Every structure is written in C-alpha cells, then in structure tokens.
Amino acid sequence: MAMGKRQKRAEPEIPTASMADIAFLLIIFFLVTTSFNQEMGLGLTLPPLSDQAEQVQVRQKNILNIWVNAVGEILLGEEIVSLQQVEPEVRRRIQENPLLIISLKTDRETNYDDFIAVLDQLKKANVGKISLAEPD
Amino acid sequence: MPKIEKKQKAETVIPTASMADIAFLLLIFFMVTTVFVVYRGLAGIERPRAEMTERILEKRLVTHMWVNREGKINVDDVDLPLEDVPSIIYNKQEAIRQTFNRPMVVSIIADRDAPYGLLAEAMHRLREVEALNVNFATGRLTR
C-alpha cells in the first residue's frame, strides 16, 4: 500500500462576520415595527373654582351660550342648529365680535359623544375661549 | 548589491466576530432598561371620535381617568368612587409637580355613552384640587 500524502485538513470555521449584520438587522426591524400607543384627545383648560379666582364680569353680549340637551339637540344662542352648522355659525359670530366667549352647557343626561361632537366643532372653529358651564 | 529580503507585511484585520455580541448586548441592555407603564383601565370603553384630535406631547405629565357607561370611575388602575377622586388626583398632582415642576394633565377616557352629568361632576372635583388641564381622549375621525 502506497502511503499517500496525507491531505492537509482544512480547519472547520463558522463564519461569524455576518452575525453583526444579522443582529443589527434584528435591531432595526424591531425599531421600525415597534409602535407606541399614542395618546390622543381634545385638550381644555378648566377655570379655577370661582371662590379661588377673582370674579370677572363679562358683558352679556360677549357671551354666546350653546346648550346641548339630553337627546343631543343643539341650541346656539336663540336658534336650534344642526351639528354641521355650529362651526360656520360660531366662526361668523367671532368674526363679528372677537371678544366672544363660548359657554357650552350640556344636560346631565346627554351622551358624552354628543358633548365631544360639539366641542370638536368649537375647536374646529378655532375658538380660544371655551367655558364649560356646569349643568343645573 | 546584496538582495534585501522584503519584510512580509502583516495583513491588517479588524476582528468582526465580536460585533454581533456587542449588538446583542446593546439590544438586551435597552430591552431590560426600558420600562413601559401601561395602565389597563376599564374594559369595553368606546371612545368618541373627533376631527380635531391632537397628540398629547408630554406623556409623563398625564394621569388617566376612565369612566365607563355604567358610571364606574378608575384612576390609573384604581377603581374608586367619585368622592375619592379629589384626594387621589391631588396626591398625583403634587408628585408630578415636585418631579417635573409642571402642571399635570388629566386625560379623561370616557365611553361615548357615559352620562355627561357624571363627567361634569368629576370635572368639578378636579377643579376643587386645581387640576385644571384636562384632555378628553378621542379617536381620530377622518372624513
């Protein structure tokens, strides 16, 4: 038996150079797919209780009352309006009188949804001064 | 002239084998140190929708108040009656004021069918303890 030249064994190697790429790819994947639940809403600043703040007299003509009753009907000033009419009407009145303060009075039995819908319209009309009147 | 043997240059190699370990270590570090505070709140609340919905920018200033359609109130995962709202809100407000020196925001997460009277009552309690920044949680309405 002829002794063959012993073949030199190649050293077995696991390529590790691309492991970094894999790890970074995983990081980037999770960075991109992670979504934090955003908190959304309509912001409003409540007035302090009247005994803590100085009472400010507001002229009646500078107040626009909006009532929302238990079934969601809207009374704007003296007329009943639909939800879609609130924004243009309020816009018009503010243009006439920039000092106008909107007082939103909602019935106790009104659904929260109806209240939010009107508040949304007021925000859309860019009303700066919104006052939430307490229900009787 | 005698031949001068050129010195063989050592090949420059940057070891990349440990890069993976570094990346995984970073990943694990951030996974371990990240803390999410997620309140469960009350179940089955359907938020109203509004077009002017905005994002709350400073989440750390927010205290959540859930109100469901039966009129149950829950503040940051504690069920409580309406009478206890001022005291717990006051404590939270003081804690936030001391930590961040900023006013707290109360996010009111109420069901669309919740009665407004209860919410008005709750807002009155908030005013009692001067928690005046409120936010009505809404979903975005797209037209």
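Asks: Is there a simple way to think about the pattern of salt bridges in this case?
Replies: When their charged atoms lie close together, side chains carrying opposite charge are able to pair. Applying the stated criterion across every chain, the model contains 19 salt bridges over all chains. The partner of A:Glu79 in a salt bridge is A:Arg93, with the nearest N and O atoms 3.3 Å apart. Within this pair, whereas A:Glu79 is found in strand S4 (residues 79–81), its partner A:Arg93 is found in helix H2 (residues 83–96), the two being separated by 14 residues in sequence. By relative accessible area, A:Arg93 is classed as buried at 18%. For the salt bridge of B:Glu94 with B:Arg97, the shortest nitrogen-to-oxygen distance reads 3.6 Å. Taken together, the residues B:Glu94 and B:Arg97, both in helix H2 (residues 85–100) and three residues apart, mark about one turn of the helix. One network of salt bridges, with partners in common, ties together A:Glu79, A:Glu89, A:Arg92, A:Arg93 and A:Glu96.

Asks: I keep staring at the sheet that holds strand S6 (residues 130–133) of chain A and nothing clicks. Help me out?
Replies: For sheets, the rule is that strands pair by backbone hydrogen bonds, running either parallel or antiparallel. All names here are of chain A. Read from one edge of the open sheet, five strands run S4-S3-S2-S5-S6, paired in mixed fashion. Two strands close off the open sheet at either side, each with one partner strand: S4 and S6. Neighbour to neighbour, the strand axes of the sheet diverge by 30° on average, direction disregarded. Here six bridges tie strand S2 (residues 63–68) to strand S5 (residues 101–106), and the two strands are oriented parallel to one another. The residue bridging Val-68 from the neighbouring strand is Thr-106, located in S5. Against the sheet, H2 makes contact with S2, strand S3 (74–76), S4 and S5, and its axis sits at roughly 15° relative to S3, the strand it touches most.

Calculation rules
- Residues numbered from 1 in each chain as written.
- Chains lettered and ligands numbered in written order.
- Predicted model: local features only at pLDDT ≥ 70, side-chain atom pairs only at ≥ 80, totals over all residues.
- Heavy atoms only, no water.
- Salt bridge = Lys/Arg side-chain N within 4 Å of Asp/Glu carboxyl O.
- Helix = DSSP H or I, 4+ residues; strand = E, 2+ residues; numbered from the N terminus.
- Buried < 20%, exposed > 50% of the residue type's maximum accessible area, 1.4 Å probe, protein only.
- Pairing = 2+ DSSP bridges.
- Axes fitted to C-alpha atoms, helices over the stretch in contact; angles between N-to-C directions.
- Contact = heavy atoms within 4.5 Å.

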